[in-house]
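# Report on the structure
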Amino acid sequence: MRLSLAPNWWPMDRQAQQSWLAQAQASPAERIVLGETVCRLRDRMAPRTLLEHAQALKAAGKEVVLASLNMVASEADLALVRGVCRQNEFPLEAHDMAGVALAHQHGLPFIAGAGLNIYNLDGIRWLLSLGMVGYQPPMEMAADTLATLMAQCQAAQLRDRFSLEILGYGRPVLAVSARCSSARVAGRNRQRCNKVCQQQGALPVETLEQQPLLTLNGVQVHGHRPQDLLGELALLRALGVEWLRVDPGPQGAQPWLKDLQRALAQQEDAFTPPEPGIRHFWQRPEGDFALHGD
Amino acid sequence: MELLAPVGTPASLLPTLEAGADAVYVGLKDDTNARRFAGLNFTPAQLGSAADLCRQRQRKLYVAINTYPQPGQEQRWHRAVDAACEAGVSAVIMADPGLLAYAAKHHPETERHLSVQASAANLPSLRLYHEAFGITRAVLPRVLDMTQIEAIAAESPVELEVFASGSLCVMAEGRCQLSSWVSGHSPNSGGACSPASLVQWQERPDGREVRLGGALLDRVAPGEPGGYPTVCKGRYRVDGKAQHAISRPCSLSTLPLLPQMARLGIHALKLEGRQRSPAYSQQITTIWREAIDRFNQQGDQYRPDPSWQRRLRALSEGQALTTGPYLSGWQ
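Going by what an unreviewed UniProt entry lists, chain B is known as Peptidase U32 family protein and is assigned to Ferrimonas gelatinilytica.

Given below as structure tokens:
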């Protein structure tokens, strides 16, 4: 099991992005995911600059994946994804079927992001036929369901055709909208956002009783706390997870990643990060209500 | 333009057809569709009768089998597709690639529509689903503005269906785990957003508290309109201020956009609300029938009748209507 580092592209100005890149390069992560996934209006690297950074990281010994937008709606969004597909050095991480379609067209291998909603063997089989080399299960998939799915892939002799990546630590993407909530709470809309997300950062959302609930990140909504599967390294290993993904948040790679890397190298069963998170989706909720046959 | 109306139960079918629906969509009584609520939906036998009735009246019947089959349980979804196709429905609405492939292989004669749960919001995606599974129609997610729809419609390989009225999903459909995060149940695999069994309403001196899975989603002052509690329409504290940070409770109405929808070549206008009462389906269908008929008669002279919006508002959430993402200022 190897460590992959993804920023989930929290709102960052250019300076913060540079510092994030430097930290990523110095981090123990073997795979780095680069590229804007949330909003084309944010300060982001031009495709050529992105490629240069990817090449620099590659030269430094990292495996690099280029990510595309989580939701592709406009011509401008499409142009951005096309830009990332117009190279043949790095695989694409597709979060929208547009990414799959364009990667397939260009003969570019792709990693199926969690947002693609691939829940079962037939879905995996289809994406393999289009060039999938990596798979991330949907965020809400529980451990036992994933175990069933991977056993099915094994039985169908497909399991060795893709790597399995799972969000081990990081605030999960829960939803994506056309509407920018970061702009909305600042009294703006997406058209006239003035990149307010980069000034105010990701915003915590609490209930009226001050219970933390969500985090606003532009058009995306995340959980209020990280999903944290680091206490289950043994189980992840048994599930055949090849890439343990960590999203340390906008502050960049953290010193504790070195300790995590050590825990992975020593095949430890569990790891506790300084700010432990929750396992919201990992275990199926009790008492599923039975509506069948009513 | 086809008027496609929601039908939650067999009792709702005839009134909705008589109210003027060109086509209706329903779900089966299990977790194979994204409106799995107690007392709702059709058994396979009821589906057969519904298909007969629709055939007699020369209307279309679509079945939503639009949740994602769980590993190891695919057969249940396959049986649902078999049941729908054997009942002789006009089309099955699906989002899962595996299920689309199954339907294309085993029931090629039944049309396949791409469900909104697949959130296909661009041409490359539509082409991909069209080429792979022979879909004939796609339901566009409520994330596109009219300009974006125009660009898609100009080159779409399939018929386009858009949501015209009813509850407004603020998030890209199928890519929303907000209900799952807060309540443990999701539309994708559990078949319902904000399942009623996990919703609590409590009257308090300062208003009504609305909870989902224990989390307070809103506190509605006496006399203030509220909606069915979904996480995206809750009132929260952000940046020190109580506000509807994502969306206030409201419903969609595109009555003012009807001529534009027609001009873009939208094939079907979908009314949301399978989970609502038979009376709701009938009323909303009646209003939209009047609107489409008037547009067909008057063309460019069409103006929405103020009474339509008034009647829709009475049926809406939070007694508020919006054209939602279709006009980009909302975004």
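## Describing the pairing of strand β3 (residues 63-67) of chain A
All names here are of chain A. The buried fraction of β3 is high, at four of five residues. Bridging between strand β2 (residues 31-34) and β3 involves four bridges; their strand directions are parallel. The partner of R31 across the bridge, within β3, is E63. The handedness of the β2 to β3 crossover, carried by helix α2 (residues 47-59), is right-handed. Two elements, β3 and strand β4 (residues 92-94), share two bridges in a ladder whose sense is parallel. Residue pairing across strands places A67 opposite E93, the latter belonging to β4. Regarding the hand of the β-α-β motif, the stretch spanning β3, helix α3 (residues 75-85) and β4 is right-handed.

## What about the sheet that holds strand β12 (residues 241-243) of chain B?
Reading across from one edge, β8(A)-β11(A)-β10(A)-β9(A)-β11(B)-β12(B) is the order of the six strands in this open sheet, with antiparallel pairing throughout. If you trace the sheet from one side to the other, it starts and ends with β8 (173-176) of chain A together with β12 of chain B, each paired once. The average undirected angle you get between the axes of adjacent strands in this sheet is 30 degrees. Relative to strand β11 (residues 220-223) of chain A, β8 of chain A runs antiparallel, the two being bridged by three bridges. Bridging across to β11 of chain A, V176 of chain A finds its partner in Q220 of chain A.

Rules and cut-offs
Residues numbered from 1 in each chain as written. Chains lettered and ligands numbered in written order. Predicted model: local features only at pLDDT ≥ 70, side-chain atom pairs only at ≥ 80, totals over all residues. Buried ≥ 20, exposed ≤ 12 C-beta atoms within 10 Å, placed from the backbone. Helix = DSSP H or I, 4+ residues; strand = E, 2+ residues; numbered from the N terminus. Pairing = 2+ DSSP bridges. Right-handed = clockwise from strand over helix to strand, strands pointing away. Axes fitted to C-alpha atoms, helices over the stretch in contact; angles between N-to-C directions.

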